[in-house]
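# Fold and geometry: a report
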Amino acid sequence: MAMIAIGGSVGAGLFIGSGAVINAAGPAAVVSYAVAGALVLLTLRALGEMVVARPASGSFSDYARLALGPRAGFSIGWLYWWMYAVLVAAEAVAGAAMLAEWTGLDGWVLSLGLLVVMTAANLVSVRVFGETESLFSLVKVATIVGFLVLGGLYALGLWPGGEGVTLSNLWEHGGFAPNGWAAVLAAVVVVLFSFGGVEIVTIAAGESDEPEQGVARATTNVLWRIGLFYIASILVVVAVVPWNTAQLLKSPFVSVMEAVGVPAAPLIMEVVVFIAVLSVLNAAMYTSSRMLHVLTRQGDAPRALSKVNRRGVPSRAILLGTAVGYASVVGNYLWPDTVFAFLVASIGAILLVLFLTIVASQLVLGRRLRREEPEALRFRMWGFPYLSWVTLAGLGAVLVAMAVLPDQRPPLAATLGAVAVVLVAFELRRRFGRTPVSSEPLYTRADGREAGSGGG
């Protein structure tokens, strides 16, 4: 469970995308990562409270339905499925682009190959998913630890052949926040999305033998992971290399390792980034299938998708979850230069909508559980309800910032469009499909009595 949490939260966004954040915020990018990390940590803690009290695979949809009603459960479930179905396609395209540089083969052929291999791995069993993700995560963790040790020694002037202490890079070249604190806060908007994936551990918990212990461990440990993997990594980057170095935009980690003198640094990081892409592809395939599978329980998806094979894997849901990916193979063949950008733009700010829904659901369910079943709260949200409201306000501020920042308006518009689509789909489903079961119990209370879904 711990390695799954790492695999979900550490991807190419850290190894490559952090360069753009540093370029925008300067050394104060450390603050941007700390603020975004705190919001994510509190959101995960709120989710952890609900998961431990009521373990459920595909938990976001169930908890939204339970707290806010069937419309919310339907909407967040399908939005989340779409986000990860698109990520399957986007990561397949990204991985194929890297392989194409090494092999010279056509990108669409390599995209197809990656999809087939990862689909086969996910169809075997949930254990294969967990073991594969753990292996990928181990490589990423080893890379980051090595990076922190080497870069830290270099920054402190303890590396043989180094230039001496380079910590002055934190305040030279225009100061700690050379572009102003408004730029630092604006960078939080970008950074928040790099943490996407930490919530996958709560979905995997529904299929684990000990969901309470697994989620509690993963949620508690995510604090030091965020501190070590993100904040410490960014601190090392801006301490070793001046923040306005052009090379940082391409790859901050490569820039640091080249400064230290690590041989073949670009090749090493290319391999690690490729593994990170495979890790996200693997996690996205697993996550999209489980969310689709849980949507069948409430009649929000066709019953046929609920079928599992003899190993307990929802094979039909996995295959449908890869449909966008296989469509992207065709698109990558016809329009190789535009497919990746279009796919990434299409999911916009869905992750932010998910986080907002999680915290709103916890505010409602937290009160209900504290009133009706306090014994079920074996893993509690800190400072409830005050920290929950603070988290909700922080996430809301990010949403407002997206509307204000010109470069963030297109992804926000894409997400609002997706929300409109699923809301219309819900009305059609309510009118022509099976009736949403707002009165159907989603769980049984600890005392044996049924608990309704609540909400309207």
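Note: the structure precedes this text.
So, here's what we can say about the structure. Treat the numbers as computed from the prediction; the structure is a model and nothing was measured. (Residues numbered from 1 in each chain as written. Predicted model: local features only at pLDDT ≥ 70, side-chain atom pairs only at ≥ 80, totals over all residues. Heavy atoms only, no water.)

In this section: the layout of surface pockets. Estimates place the volume of the largest pocket at around 1,200 Å³. The wall of the largest pocket is formed by 45 residues, among which G13, L87, F193, S194 and V344 lie closest to the centre. Counting only elements with at least two residues in the lining of the largest pocket, the list comes to α1 (2-9), α2 (12-25), α5 (70-103), α8 (181-194), α12 (265-295) and α15 (339-347). When residues in the lining of the largest pocket are grouped by element, the largest group, 8 residues, is from α2. (1 Å grid on protein atoms, 1.4 Å probe; cavity = no way out; pocket = protein on both sides within 12 Å on 5 of 7 lines; lining within 4 Å. Points joined across faces, edges and corners; volume = space filled by probe spheres on them. Helix = DSSP H or I, 4+ residues; strand = E, 2+ residues; numbered from the N terminus.)

Another point: a nonpolar patch on the surface. Together, W108, V109, L112, V116, V330, Y333, L334 and W335 make up a nonpolar patch on the protein surface, roughly 760 Å² of accessible area in all. Residue assignment for the nonpolar patch shows that the elements contributing at least two residues are α6 (107-124) and α14 (323-334). No other element matches α6, which puts 4 residues into the nonpolar patch. Looking at the element boundaries, W108 is found in helix α6. (Patch = residues over 30% accessible without salt bridge, like charges linked within 9 Å, V, L, I, M, F, W, Y side chains within 5 Å. Areas by Shrake-Rupley, 256 points an atom, 1.4 Å probe, with all protein chains shown as cover. Salt bridge = Lys/Arg side-chain N within 4 Å of Asp/Glu carboxyl O.)

Scanning the entire structure with this criterion turns up 7 salt bridges. The salt bridge partner of R430 is E427, with a shortest N-O separation of 2.6 Å. With R430 and E427 both in helix α18 (residues 409-432) and 3 residues apart, the pair spans about one turn of that helix. Accessibility expressed as a relative area gives 31% for E427, which makes it partly exposed. In this structure, a network of salt bridges that share partners links the residues R65, D300 and R429. (Buried < 20%, exposed > 50% of the residue type's maximum accessible area, 1.4 Å probe, protein only.)

Keep in mind these values describe shape, not function.
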